[in-house]
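If you want the building blocks of each chain, they are given just below.
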Amino acid sequence: MIISTQQLKEKYSNYSNPLAKINRDVKQGKLFPLVKGIYETDPNAFPPSLAQFIYGPSYISFDYILQRDGLIPEAMYNTVTCASFNKKKTKIYKNKFGTFIYRDVPCSVFYLGVKVIIEGQYAYHVATTEKALCDKLYTISPVKTIKNLKALLFEDLRIDEDLFNSLNKEDILKLAPMYHSTNLYLLEKLIKGEK
């Protein structure tokens, strides 16, 4: 369960020093700090379900989703990659549950291609595979041609071509132009079969 310092102070109001009690609970493994002022009480909480409490608004995307869905081979050990917006720079948080990385995507696409997952007592947001691919390409330095994009997708990122071909192309074609990104413009052309 997520709990804040303020809630804990109220819970421990009968103690002469509620903050000392909170610190003891942390040392005894009863509370696990996520970020300043926010704690998790369950040592086995599912890391992606905690991401939005660490930094938000956010949703799970990029490499975490691409690897989970089999598009890229790299395993994301103890790392949860998330999309945020209007933050201007990448944010990285580390705690008992892993490393949480937050990168910006355009506001215009932030709420599109995202679904809600319910895990135990938490509900959290994740990108569809198509959205995660668009988010990933948005954050990579632009390439100049479709040939370069294919090399980026299938050689550099090592995306599985069969799985790439099975993606929902209509969803990508709706999302891609909204990023105003060269890589996404080329992805659009690649999907349409343009040269």
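Whatever comes next refers back to the structure up there.
Rules and cut-offs
Residues numbered from 1 in each chain as written. Predicted model: local features only at pLDDT ≥ 70, side-chain atom pairs only at ≥ 80, totals over all residues. Heavy atoms only, no water. Helix = DSSP H or I, 4+ residues; strand = E, 2+ residues; numbered from the N terminus. Buried < 20%, exposed > 50% of the residue type's maximum accessible area, 1.4 Å probe, protein only. Contact = heavy atoms within 4.5 Å. Areas by Shrake-Rupley, 256 points an atom, 1.4 Å probe, with all protein chains shown as cover. Lys, Arg positive; Asp, Glu negative; His and termini not counted. Charge placed at Lys NZ, Arg CZ, Asp CG, Glu CD. Axes fitted to C-alpha atoms, helices over the stretch in contact; angles between N-to-C directions. Parallel < 35°, antiparallel > 145°, perpendicular 65-115°, else oblique. Left-handed = near helix turned anticlockwise from the far one by under 90°. Nonpolar A, V, L, I, M, F, W, Y, C, P; charged D, E, K, R; others polar. Core = buried A, V, L, I, M, F, W, Y, C linked by side-chain atoms within 4.5 Å. Polar contact = N/O pair within 3.5 Å; in protein donor to acceptor, adjacent residues only side chain to side chain. Salt bridge = Lys/Arg side-chain N within 4 Å of Asp/Glu carboxyl O. Pairing = 2+ DSSP bridges.

Novice: Could you give an account of the overall build of the protein, with specific residues and numbers?
Specialist: Helix and strand content of the protein: 10 helices and nine strands. Overall, the C-alpha framework of the protein stretches about 70 × 30 × 25 Å when taken along its three principal axes. When the 195 residues of the protein are sorted by exposure, 45% land in the buried category. A separation threshold of at least 6 residues defines the contact pool for the protein, and within that pool the share at least 24 residues apart is 56%. Carbon and sulfur atoms make up 51% of the accessible area of the protein, which totals about 10600 Å². Across the protein, the 27 positively charged side chains and the 20 negatively charged ones have centroids separated by 9 Å.

Novice: Requested: an account of unusual backbone geometry, with residues and values cited.
Specialist: Residue Pro57 follows Gly56 across a cis peptide bond; omega there is 0°. With respect to the helices and strands, the residue Pro57 is situated in the loop between helix 3 (51–54) and strand 4 (59–60). Even without glycine at this site, Phe62 takes up a positive phi of about 55°. Tracing the backbone shows Phe62 in helix 4 (residues 62–68). The exposure class assigned to Phe62 is buried, which follows from its relative accessible area of 2%. In this structure, Arg158 takes a positive phi of about 55° despite not being glycine.

Novice: Hey, could you go over the packing of helix 6 (residues 129–138) against helix 10 (residues 182–192) for me, with residue numbers and the actual values?
Specialist: At a minimum axis separation of 8 Å, helix 6 and helix 10 run at an interaxial angle of 135°. With respect to helix 10, the element helix 6 is oriented oblique. As for how helix 6 packs across helix 10, the hand of that crossing is right-handed. Taken together, the residues of helix 10 that come into contact with helix 6 (itself represented by Leu133, Cys134, Leu137 and Tyr138) are Asn183, Leu184 and Leu187. A class-by-class count of the residues in the contact of helix 6 with helix 10 yields six nonpolar, one polar and no charged.

Novice: How would you sum up the nonpolar core? Please name residues and give values.
Specialist: Leu133, Leu153 and Leu187 are the most contacted members of the largest nonpolar core, which totals 54 residues. In this structure, Leu187 is in contact with Leu133, Cys134, Leu137, Leu149, Leu153, Phe164 and Ile172, ignoring residues within four places of it in sequence. With six residues, the next largest nonpolar core counts Leu8, Tyr12, Ile22 and Leu31 among its residues.

Novice: Help me get a handle on the side chain of Asp63, residues and values and all.
Specialist: Of note, Asp63 is situated in helix 4. For Asp63, the side chain forms a polar contact with the side chain of Lys136, separated by 2.9 Å. Excluding anything up to four places from it in sequence, Asp63 contacts Ile72, Met76, Thr81 and Lys136.

Novice: Describe the pattern of salt bridges, naming the residues involved and giving the relevant values.
Specialist: As enumerated under the stated definition, the model contains four salt bridges in all. With its nearest N and O atoms 2.8 Å apart, the salt bridge here joins Asp69 to Arg68. Owing to a relative accessible area of 41%, Arg68 belongs among the partly exposed residues under this scheme.

Novice: I'd like to hear about the pairing of strand 7 (residues 98–104), residue by residue, with values.
Specialist: Bridge count for strand 5 (residues 79–84) against strand 7 is six bridges, and the pairing is parallel. Its bridge partner being in strand 7, Ser84 is matched across the sheet by Asp104. Across five bridges, the pairing between strand 6 (residues 91–95) and strand 7 is antiparallel. Following the sheet pairing, Tyr93 is matched in strand 7 by Phe100. Hairpin geometry of strand 6 and strand 7 is characterised by an intervening segment of two residues between the two adjacent antiparallel strands.

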